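Working through the structure, step by step
Below, each chain spelled out in residue letters.
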Amino acid sequence: DIQMTQSPSSLSASVGDRVTITCRASHDISNYVAWYQQEPGKAPKLLIYAASTLQSGVPSRFSGSGSGTEFTLTISSLQPEDIATYYCQKYNGAPFTFGPGTRVD
Amino acid sequence: QVQLQESGPGLVKPSETLSLTCSVSGGSIDTNYWSWIRQPPGKGLEWIGYIYNSGNTYYSPSLKSRVTLSIDTSKNQFSLRLSSVTTADTAVYFCARGVGFGQIDNWGQGTLVTVSS
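What you see is a predicted model; the values in this text were computed from it and never measured.

About the criteria used
- Residues numbered from 1 in each chain as written.
- Chains lettered and ligands numbered in written order.
- Predicted model: local features only at pLDDT ≥ 70, side-chain atom pairs only at ≥ 80, totals over all residues.
- Heavy atoms only, no water.
- Helix = DSSP H or I, 4+ residues; strand = E, 2+ residues; numbered from the N terminus.
- Rg over C-alpha atoms; globule rule 2.2 N^0.38 Å.
- Contact = heavy atoms within 4.5 Å.
- Lys, Arg positive; Asp, Glu negative; His and termini not counted.
- Charge placed at Lys NZ, Arg CZ, Asp CG, Glu CD.
- Areas by Shrake-Rupley, 256 points an atom, 1.4 Å probe, with all protein chains shown as cover.
- Pairing = 2+ DSSP bridges.
- Axes fitted to C-alpha atoms, helices over the stretch in contact; angles between N-to-C directions.

1. Here we look at the overall build of chain B
- Secondary structure summary: chain B contains 0 helices and 11 strands in total.
- Written out in order from the N terminus, the α and β elements of chain B read β-β-β-β-β-β-β-β-β-β-β.
- Taking 13 Å as the expected radius of gyration for a compact globule of 117 residues, we find that chain B reaches 13 Å, a close match to that expectation.
- With respect to the principal axes defined by its C-alpha atoms, chain B has extents near 40 × 25 × 25 Å.
- Long-range pairs, those at least 24 residues apart, make up 52% of the contacts in chain B between residues at least 6 apart in sequence.
- If you average the places of the 8 positive and of the 7 negative side-chain charges in chain B, the two averages end up 6 Å apart.

2. Things to note about the overall build of chain A
- A tally of helices and strands in chain A yields 0 helices and 10 strands.
- Of the regular secondary structure in chain A, the N- to C-terminal order runs β-β-β-β-β-β-β-β-β-β.
- Over its C-alpha trace chain A gives a radius of gyration of 13 Å, about what one expects of a compact globule, namely 13 Å for 105 residues.
- Considered along the principal axes of its C-alpha atoms, chain A spans approximately 35 × 25 × 25 Å.
- Counted over contacts in chain A with a minimum sequence separation of 6, partners at least 24 positions apart contribute 55%.
- With the model as given, the accessible surface of chain A reaches about 4600 Å², and the carbon-plus-sulfur share is 44%.
- Computed over 7 positive and 8 negative side-chain charges, the separation of the two mean positions in chain A equals 3 Å.

3. Remarks on the sheet that holds strand β7 (residues 62-67) of chain A
Residue and element names in this part refer to chain A.
- Spatial strand order, β1-β3-β8-β7: 4 strands in an open sheet with antiparallel pairing. Every interior strand has two partners, whereas the edge strands, β1 (4-7) and β7, have only one. Taken pair by pair, the neighbouring strands of this sheet meet at an average axis angle of 20°, ignoring direction.
- Of the pairings in the sheet, the one linking β7 to strand β8 (residues 70-75) comprises 6 bridges and is antiparallel in character. Following the sheet pairing, G66 is matched in β8 by F71.

As far as function goes, none of this settles anything; it's purely spatial.
Below you can see the structure in the form of structure tokens.
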């Protein structure tokens, strides 16, 4: 099975900072990657799918890029409401594995 | 707007079977993927599996021997059964909708299931 890793596992940033999170797949998964944001005590929320397509209603400060085995999620200017844990997920075929998460605080 | 709601016991004894149901409102269960994901306390997300409206299923290899997903289109519900549970199965269980090629665009609020005697 394809494994997903994320780096860093956690990061501290200030309001207005540019934040980049990396997700790597153990094998080529084309662009079948989604990114989710999970605030404490809440269900995850879809931010990005197909590696770079912004989900409807998601602020434009979020962006995604990459293909193959390396993907990035970027927050161009961190806002207080962006404090959360971010997960990538592969969905090019079952199992739809999640990455271990990156905590942003 | 589609809404999903998990229901089922919050406490299950070790070696017994965990059973949860997800009720879907505001949309039909006749299309898309219907998934279960869990999250142990303080840990990350674990994909359990999904079921199509046709009844075809795909399971996580690590749980495949213990998991059964089913769907009832007449009730707009789908269900999870996890057998022979241990304390390691204690988690918040989410039901969710997958669209397109599989990205999950809609989640239930999650329900905590504790495995304890």
